[in-house]
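# Residue-level structure breakdown
Chain by chain, the residues run as shown.
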Amino acid sequence: MNESEQKKSPPPDNPSADGVGYYVYCIAQRSPAEELASGSIPIAIEDGAGLELIIGDKLAAVVSRVPLSEYGESSLAENLKDATWTAVRAMRHEQVVEFFAKRTGVVPLRFGTIYLDRSNVERMLNKKQSQLGGIIDRLKDSEEWGVNVYYERSVLFENIVNVSPRLREMADAAKSASPGQSYLMQKKIETLRTDEAKLEIKRIVDDIESNLRSESDDAARLRILKVETTEHGELKAKFAFLIQRSRFDAFRRVAEDLAGQYELAGARIELTGPWPAYNFSGEATD
């Protein structure tokens, strides 16, 4: 057994009296969750806690016990300011969710989902059974893949006359025009370069979204919180796609074709994943 796995340990008694809450990683169908939890499973978010299941009628919540001194509302908010503290625990959260998501259908919950009492988790499972079961059925045998669209502004600007249909048409017309008219048209082209580049990258992003959406079960355009510039260029768009595992190869081929198609425009497509389907599970446990 490697250090990322441990046998499930039996839970202690009466955690609430000791200021202990329940950190919930995901919701799964009861039977496969019980089978998985009986073997080697990832470590919990806190050392020594151990993963356990809280059982409902047909569903099970994958949880571990956490001290409210660290995970209570105000203390958690303070701890999240510590990048090291957050990074370690976010990685462990992700490892647990991915472990179950790769082996059975789950509703993955966001990092930091905490219940103060075991009975509240049980109540949620029973109250939301139909809704959660429907989400699990929908996400079964599917994965979330991320698509980031970057572009090199200088490459697009340099090639915009060939990339933009409008400017390409004007450039062709300038070749057959009189010297005076050709000069004026060339000046007009130069004036329009910046605006056409903006329009073109928007068209490219929309086309990438449309083509990849047609190869997926669902799609979401994600918010870019700030301008991100990397060695790949400026991040222009972020998407999440819900894809059946059996259809992923077709999805990837379309993404590769689009990348080749828009290379001249300075666009680059980055595929990330697979991830548990966070962006398609909704807020089912609220």
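Keep in mind that what you see is a predicted model, and the values were worked out from it rather than measured.

Now for the packing of aromatic side chains. Within this structure, the stated rule accounts for nine aromatic pairs. With a centroid separation of 6.1 Å and 80 degrees between ring planes, the pair formed by Y23 and Y71 is classed as edge-to-face. Here Y23 is found in strand β2 (residues 20–29), whereas its partner Y71 is found in helix α2 (residues 68–71), with 48 residues between them in sequence. For Y23, a relative accessible area of 0% translates into the label buried. Looking at Y71, the relative accessible area reads 3%, which means it is buried. Counting every residue linked through ring pairs, the aromatic cluster contains Y23, Y25, Y71, W85 and F111.

Our focus in this paragraph is helix α4 (residues 83–101). For α4, with 19 residues, the first-to-last C-alpha span of 26 Å sits near the 27 Å given by 1.5 Å per residue. Buried within α4 we find W85, T86, R89, R92, H93, V96, V97, F99, F100 and A101. For α4, the side-chain oxygen to backbone nitrogen distance between the N-cap and T84 is 3.0 Å, and the N-cap itself is D82.

The next subject is the confidence of the model for the protein. Taken as a whole, the protein shows an average pLDDT of 83; of its residues, 78% reach a score of 70 or greater. Here residues 1–17 is a poorly scored stretch, pLDDT under 50, and it has 37 contacts once near neighbours within four places are set aside; other chains count.

Next up on the list: the environment of G19. Assignment of secondary structure puts G19 in the loop between β1 (5–7) and β2. The sequence separation of G19 and D117 amounts to 98 residues, and the corresponding C-alpha distance is 9.8 Å. Once residues within four sequence positions are removed from consideration, G19 is found in contact with V66, P67 and L68.

Rules behind the numbers
Residues numbered from 1 in each chain as written. Predicted model: local features only at pLDDT ≥ 70, side-chain atom pairs only at ≥ 80, totals over all residues. Heavy atoms only, no water. Phe/Tyr/Trp six-rings, centres within 6.5 Å; stacked < 30°, edge-to-face > 60°. Helix = DSSP H or I, 4+ residues; strand = E, 2+ residues; numbered from the N terminus. Buried < 20%, exposed > 50% of the residue type's maximum accessible area, 1.4 Å probe, protein only. Expected span 1.5 Å × (residues − 1). Polar contact = N/O pair within 3.5 Å; in protein donor to acceptor, adjacent residues only side chain to side chain. pLDDT = per-residue confidence, 0-100. Contact = heavy atoms within 4.5 Å.

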